[in-house]
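# Geometric and topological summary
The lines below spell out each chain.
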Amino acid sequence: MDFFHQLFLLPLVACIDPTYHHCGQNFTDNSILQQHINGVIIGMVDTTPERGYAIFSVNDGSNSVFGLTRCRGDIGPKACSDCIIAASQDLQEFCPNTSASRIWHDLCFLRYDTTLFLGTIDNSDLKGWRSEKEAEDPVKFSMAVLQLLNWLKTGAAAAKNEFGMGKRSFNYNASITIYGMAQCTRDLEGITCMQCLEELTSVMIKYCTTTEGCLYMSSSCLLRFEIYNFLLASTIPTYPEVDVDAPAPSPSTIA
């Protein structure tokens, strides 16, 4: 993944496991709030691996804390657990004594806040990477990418685990396979998930659908495609190109 570079003048990182964090406002001398934050983080670490996500809260007036996690839908409980533990440790190291913080790893995401954010799209912290290599036929390639991503977005918005993955072939001179993934956090309803992914699509169309790979992710959703297989599932649904009348394979893994 060394061909990726980040947009928006954000620092370059190794894309094997890109990690970003955002720290909220600091607080001091509030042991009750810190206790609640610690409890929410511990609760999410404990419950995430089994389901692939967690939504956790402590309701206590001005000391309330709300949190959520997500793991990629193509990984198992062990990889999910390892990622969430690492993310929680990193977040406590990078953002001590903060009332709202979030962290992105390649395989998972963790967030907590003293303001209720659950159920609301948050694309304020949008992160993006794109390939430095343009496709040989950018117009047709972009069309193929968007067809795949639209299929994946529909699958993610309809799936119980709000995750979609798939692949499709694209040919010029040599056969190429485009792999893609779409995912929302589990606090979003299907229609809200689609709205979040559509916002990311609009940005991708502007910056990177003519390149050989791109990833955009926010606090609420992510969208990605590559011309190599970055997906970790043993079986990847194929975009239904051949028989348009046949039932389309699901681009999602239903939890």
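In the annotation of an unreviewed UniProt entry, the protein chain is listed under the name Gnk2-homologous domain-containing protein and assigned to Platanthera zijinensis. Per its UniProt entry, the protein chain bears the Sequence similarities (unreviewed entry) comment "Belongs to the cysteine-rich repeat secretory protein family." Database annotation for the protein chain, UniProt heading Subcellular location (unreviewed entry): "Secreted".

Once that is clear, we can look at helix α3 (residues 138–158). The first and last C-alpha atoms of α3 sit 30 Å apart over 21 residues, in line with the 30 Å expected at 1.5 Å per residue. For α3, the complete set of buried residues consists of Phe141, Ser142, Ala144, Val145, Leu148, Leu149, Trp151, Leu152, Lys153, Gly155, Ala156 and Ala157.

Moving on, we come to the packing of helix α1 (residues 31–51) against helix α2 (residues 77–94). Axis separation between α1 and α2 bottoms out at 8 Å; the angle between their running directions is 165 degrees. The angle between the axes of α1 and α2 places the two elements in the roughly antiparallel class. Here α1 runs over α2; the crossing is right-handed. Residues Asn38, Ile41, Met44, Val45, Thr48 and Pro49 of α1 lie in contact with α2, whose contacting residues are Pro77, Cys80, Ser81, Ile84, Ile85, Ser88 and Gln92.

Within the structure shown, the criterion is met by six disulfides. The disulfide that involves Cys71 links it to Cys80, with 2.1 Å between the sulfurs. Because the sign of the S-S torsion sets the handedness, a value of about 80 degrees for the bond joining Cys71 and Cys80 places this disulfide among the right-handed ones. Given the relative accessible area of 1%, Cys80 is considered buried. With a sulfur-sulfur separation of 2.1 Å, Cys83 is cross-linked through a disulfide to Cys108.

Analysis parameters
- Residues numbered from 1 in each chain as written.
- Predicted model: local features only at pLDDT ≥ 70, side-chain atom pairs only at ≥ 80, totals over all residues.
- Heavy atoms only, no water.
- UniProt positions renumbered as here; feature names shortened; annotations may be inferred.
- Helix = DSSP H or I, 4+ residues; strand = E, 2+ residues; numbered from the N terminus.
- Expected span 1.5 Å × (residues − 1).
- Buried < 20%, exposed > 50% of the residue type's maximum accessible area, 1.4 Å probe, protein only.
- Axes fitted to C-alpha atoms, helices over the stretch in contact; angles between N-to-C directions.
- Parallel < 35°, antiparallel > 145°, perpendicular 65-115°, else oblique.
- Left-handed = near helix turned anticlockwise from the far one by under 90°.
- Contact = heavy atoms within 4.5 Å.
- Disulfide = S-S within 2.5 Å.

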